[in-house]
Amino acid sequence: MSQEYYELLVLAARYVFALLGVIVVWRATRWLRQDYRQRRWVMSALPDAGYIGTLYVMEGQSKHLSPDDSLPLPTEGLLGCGAGCDVRVLHPTVSRRHAMFEFRTDGLHLRPYRDERLQVDGHPLPQGCEAILNHGAILTLGGVMLQLRLFAGVQAITAFEPEPEPAKGERA
Amino acid sequence: MKSTKNESPIRLLVSAIVLFEAITLLLIAIKPPFLNTEALMLAVALPLLCWISTILLPKFVPMDQLLMALTNFLCGVGIIILYSIVPERGLRQALLFALGLGAMMAGVLFVRWIRNWKTLCWLMIPASIGLLLLPIAVGVWNNDVKNIIAMRWFGNFQPSEIVKLMAMLVLAHFFSQRRGIRRKLPALLFVAACLGVLLLQRDLGTALMYYLTALAMYFVSTGNGLISLLGLVGAAVSAVVAYHIPGFAYVRVRVAIWRNPWDTALGSGYQIIQALMAIGSGGLWGLGLGLGLPRIIPAYHTDFIFAVICEQFGLVFGVCVVLVYVALLARGFSIALRARRSFYALLAFGCTTLLGIQTFVIIGGVIKMIPLTGITMPFVSYGGTSLVSCLTLIGFLHGVSARIEADTEQDIAIVEASEDTYDYDYDYDDDDDEYDDEDDWEVAEA
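Everything numeric in this text was worked out from a predicted model, so none of it was measured.

**A few points about the packing of aromatic side chains**
In step 1: All told, the structure shown has 14 aromatic pairs over all chains when counted by the stated rule.
In step 2: For the pair Phe17(A) and Phe20(B), a centre-to-centre distance of 5.6 Å together with 85° between the ring planes defines the contact as edge-to-face. A residue pair is termed interchain when its members come from two chains, as with Phe17(A) in helix 1 (residues 3–45) and Phe20(B) in helix 1 (residues 10–29).
In step 3: Taking relative accessible area as the criterion, Phe20(B) reaches 1% and is therefore assigned buried.
In step 4: Look at Phe73(B) and Phe317(B): their rings are 6.0 Å apart centre to centre, the planes differ by 50°, and that puts the pair in the tilted class. With Phe73(B) in helix 3 (residues 65–85) and Phe317(B) in helix 13 (residues 315–338), the pair connects residues that are 244 residues apart, well separated along the chain. For the pair shown, Phe73(B) and Phe317(B) are each scored as buried.
In step 5: Members of the aromatic cluster, connected to one another through ring pairs, are Phe17(A), Phe20(B), Phe73(B), Phe313(B) and Phe317(B).
In step 6: Over the face of the ring belonging to Tyr56(A) we find Arg149(A), whose NZ or CZ atom lies 3.9 Å from the ring centre.
In step 7: We note Arg112(B) situated over the ring of Trp113(B); from NZ or CZ to the ring centre the distance is 4.7 Å.

So this is what it looks like as structure tokens:
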């Protein structure tokens, strides 16, 4: 092939490359949109996905909270009335960050945030200590009494994967 | 669950990438005066590698196909551009891409199967600092920066590229601890130490990447806007200080050529002017593969490779490359948002943010949007350590994505188990003292 013909071929190929670039972007965007829709569909089919149960409000009345409310409970996070909390208990007696929790194979590990007051089944939880809660446990944060209600199938989690060993001194 | 396999846009996406790679390499192969058999072999090998890694590999290793396809496209563009200018470099980049895919697999399995990160992260801290200190001891100066080690057989090795992988894991681990600033302190000290060593190497581009990524991860993990804002202000103050102190005189030069490169058109502003002229001369559709004068641009194979892409393939294609990066980042953030555990969410967020900052800093520098900083364009620029580390970051994202899939399967199992045992009967009797048993709770000293 002569140099002239080759240059013509390369000049024509420029448009093909631009088209292929556009196709790549278009299909990637479509994929992202499709994936988003599919996720929404899965989430609507699994409304409790990512949650292990609920915190049922037994006592505590405020503008945004009333008895019989159920607060969805994720596997780990912060409990409090602050905007950054994973479970928001909107009550004036609850601190912005009141407690930290994490679900492990033996139950829900609960620890007060700094020196916040917390009661588990009527017993005060001292600062720096950790309680392991199971289904039905009652925790009191300020003037709010909550009951832990784990989903019936949550025990299936343990059948899938063993949790890592906790760090030394983290809990008994 | 509804299957989306047939509806997935994977086939057309991969076909477009394979076609692009095959046509470009065939064009290079038939370039007169003689037939380049090496390019012909590459025209078969590269599309085949793309097909295997995007279609075949996810059947055996849990991977995100969209991430894989986009990564393949970007790496392919890099290899083709490098091969069209200097075939030896293109061939070496292709070999490193294959090696990087191996590193990516390792990254996937690493994130997928390792559960206890604590010991590993504590070990990574001294290892990272040690690696970063190596160029100061045995490294060579390269454009006023001492961040690489020259090895006789292996070529140049940049430890900061490997350290960024460890930094992501360490930061994600310590920032995911929800027990106040005390638990995050090792990570903050680690970042400070890394920045200190990078400043000794005068590698401000990498230091900027590390700092902004760490700051973004800190903000995401704590939600503390005040400290994060203070961090940003601190970075701005440091930049002003660096501008004025004699030790970092080249910062002043970079800012000067950013403001007006035409003042020193034949001196320090030469490279940015050549890059801008290359982008301009390419026009919308480019000058054609192999027809421009990319060798005129200094550092055409590393820092200024985006200018070469625009010159050869045109502005339309250049915008497509930028949009592919945007799609890649969108996918990364989507993975981070879906992760259940904070460690995985932070890891995915950190990896994506790091790649995003790196891309923005280098493309922004080449098109004169921000002052130029000498870092590589992820997946595209010539550089073995950078390519392998970027592919490993993508491997981490694949690993987190695989964890999310496993979590979704667990959710389905939980729902099915719930349906089998109870029908969500929560008419709980408050007077029932079944759960008031002392054994149901325990308190222990930490």
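Structure shown, so let's carry the discussion forward.
**What about the pairing of strand 10 (residues 138–141) of chain A?**
All names here are of chain A.
In step 1: A two-sided burial pattern is seen for strand 10, the buried positions comprising Ile138 and Thr140 on one face and Leu139 and Leu141 on the other.
In step 2: Pairing analysis gives 2 bridges linking strand 7 (residues 119–120) to strand 10, with the strands arranged antiparallel. Residue pairing in the sheet places Val120 in a bridge with Leu139 of strand 10.
In step 3: Relative to strand 11 (residues 144–150), strand 10 is paired through 4 bridges, and the arrangement is antiparallel. The residue bridging Thr140 from the neighbouring strand is Met145, located in strand 11.
In step 4: Once strand 10 ends, the chain turns through 2 residues before running back antiparallel as strand 11, passing Gly142 with a positive phi of about 60°.

**Regarding empty space enclosed by the protein**
Residues and elements named next belong to chain B.
In step 1: Counting across every chain of the model gives 2 cavities of 30 Å³ or more.
In step 2: In this model, the largest cavity occupies a volume close to 50 Å³.
In step 3: Around the largest cavity, the lining residues are Ala167, Met168, Leu171, Phe190, Val191, Cys194, Tyr210, Ala214 and Leu354.
In step 4: At the level of secondary structure, the elements contributing two or more residues to the lining of the largest cavity comprise helix 6 (159–175), helix 7 (180–201) and helix 8 (204–222).
In step 5: Across the lining of the largest cavity, the residue classes break down as 9 nonpolar, no polar and no charged.

Rules of the game
- Residues numbered from 1 in each chain as written.
- Chains lettered and ligands numbered in written order.
- Predicted model: local features only at pLDDT ≥ 70, side-chain atom pairs only at ≥ 80, totals over all residues.
- Heavy atoms only, no water.
- Phe/Tyr/Trp six-rings, centres within 6.5 Å; stacked < 30°, edge-to-face > 60°.
- Helix = DSSP H or I, 4+ residues; strand = E, 2+ residues; numbered from the N terminus.
- Buried < 20%, exposed > 50% of the residue type's maximum accessible area, 1.4 Å probe, protein only.
- Lys NZ or Arg CZ within 6 Å of the ring centre and 35° of its normal.
- Pairing = 2+ DSSP bridges.
- 1 Å grid on protein atoms, 1.4 Å probe; cavity = no way out; pocket = protein on both sides within 12 Å on 5 of 7 lines; lining within 4 Å.
- Points joined across faces, edges and corners; volume = space filled by probe spheres on them.
- Nonpolar A, V, L, I, M, F, W, Y, C, P; charged D, E, K, R; others polar.

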